[in-house]
Amino acid sequence: MVENTMATLIITIVVLVVIFLLLREVMCWYYKINDIKSLLEQIVLKLNALSSYKVGNDIETDTRMKPMEVKVETSSDKTEGMIPCKSCGEMRKPGGMCPNCGSWQT
Ligand SMILES: [Zn+2]
């Protein structure tokens with residue numbers, strides 16, 4: 001009697017596990033979980049490729065992922081072409097009125 005009960009229990013557990021695995025497969029198919037998973041894996045791969053894409057690394061050869069050129073204004077750019085004012089000595093654009101002292105120079 002005890003053996004019969006144990007056999008029934010084991011068979012029941014095995015059948016439940018098989019049913020669970022079959023239902024799991026049906027659920028994965030029905031909700032396209034496998035498709036979603038493969039898409040997410042592709043997204044992760046492409047994001048990793050993007051994040052490992054460092055500035056100066058094959059930028060010239062790989063035009064697909066060429067980053068936008070950002071012009072950073074430096075202090076040398078600001079004073080480029082500027083001349084010192086003859087009246088106040090501040091750097092100013094040549095010609096016109098000095099924004100600092102208001103004197104006109106050519
Ligand atoms: Zn001036």
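Residues numbered from 1 in each chain as written. Predicted model: local features only at pLDDT ≥ 70, side-chain atom pairs only at ≥ 80, totals over all residues.

A.B. asks: Even after reading the chapter, I still don't get the overall build of the chain, so can you show me in this structure?
C.D. replies: If you tally the helices and strands in the chain, you get three helices and four strands. Mapped from its N terminus to its C terminus, the chain presents α and β elements in the order α-α-α-β-β-β-β. Long-range pairs, those at least 24 residues apart, make up 0% of the contacts in the chain with a sequence separation of at least 6. (Helix = DSSP H or I, 4+ residues; strand = E, 2+ residues; numbered from the N terminus. Contact = placed C-beta atoms within 7 Å.)

A.B. asks: What's the story with the confidence of the model for the chain in this structure? I'm lost.
C.D. replies: Predicted coordinates in regions of low pLDDT should not be interpreted in detail. Chain-level pLDDT for the chain is 82 on average; 74% of the residues reach the 70-or-more range. Mean pLDDT values over the elements of the chain span from 65, in helix α3 (residues 75–79), up to 95, in helix α1 (residues 2–30). (pLDDT = per-residue confidence, 0-100.)

A.B. asks: Explain helix α2 (residues 33–51) here, please?
C.D. replies: Because each turn of an α-helix spans 3.6 residues, side chains separated by three or four positions in sequence point in the same direction. If you check α2, its first and last C-alpha atoms are 26 Å apart, about what 19 residues at 1.5 Å a residue would give, namely 27 Å. Along α2, only zero of the 19 residues are buried, which leaves the element largely exposed. (Expected span 1.5 Å × (residues − 1). Buried ≥ 20, exposed ≤ 12 C-beta atoms within 10 Å, placed from the backbone.)

A.B. asks: Sorry if this is basic, but what is going on with the environment of glycine 81 here?
C.D. replies: Mapped onto the elements, glycine 81 comes out in the loop between α3 and β1 (83–84). You can call glycine 81 exposed: it has 9 C-beta atoms within 10 Å. Sequence separation of glycine 81 and lysine 93 is twelve residues, and the distance between their C-alpha atoms is 6.9 Å.

A.B. asks: Is there a simple way to think about the environment of cysteine 85 in this case?
C.D. replies: With respect to the helices and strands, cysteine 85 occurs in the loop between β1 and β2 (91–92). Taking the C-alpha atoms as reference points, cysteine 85 and methionine 97, separated by twelve residues in sequence, lie 9.7 Å from one another. Dropping the residues within four chain positions of it, cysteine 85 is found in contact with Glu90, Arg92, Cys98, Asn100, Cys101 and Ser103.

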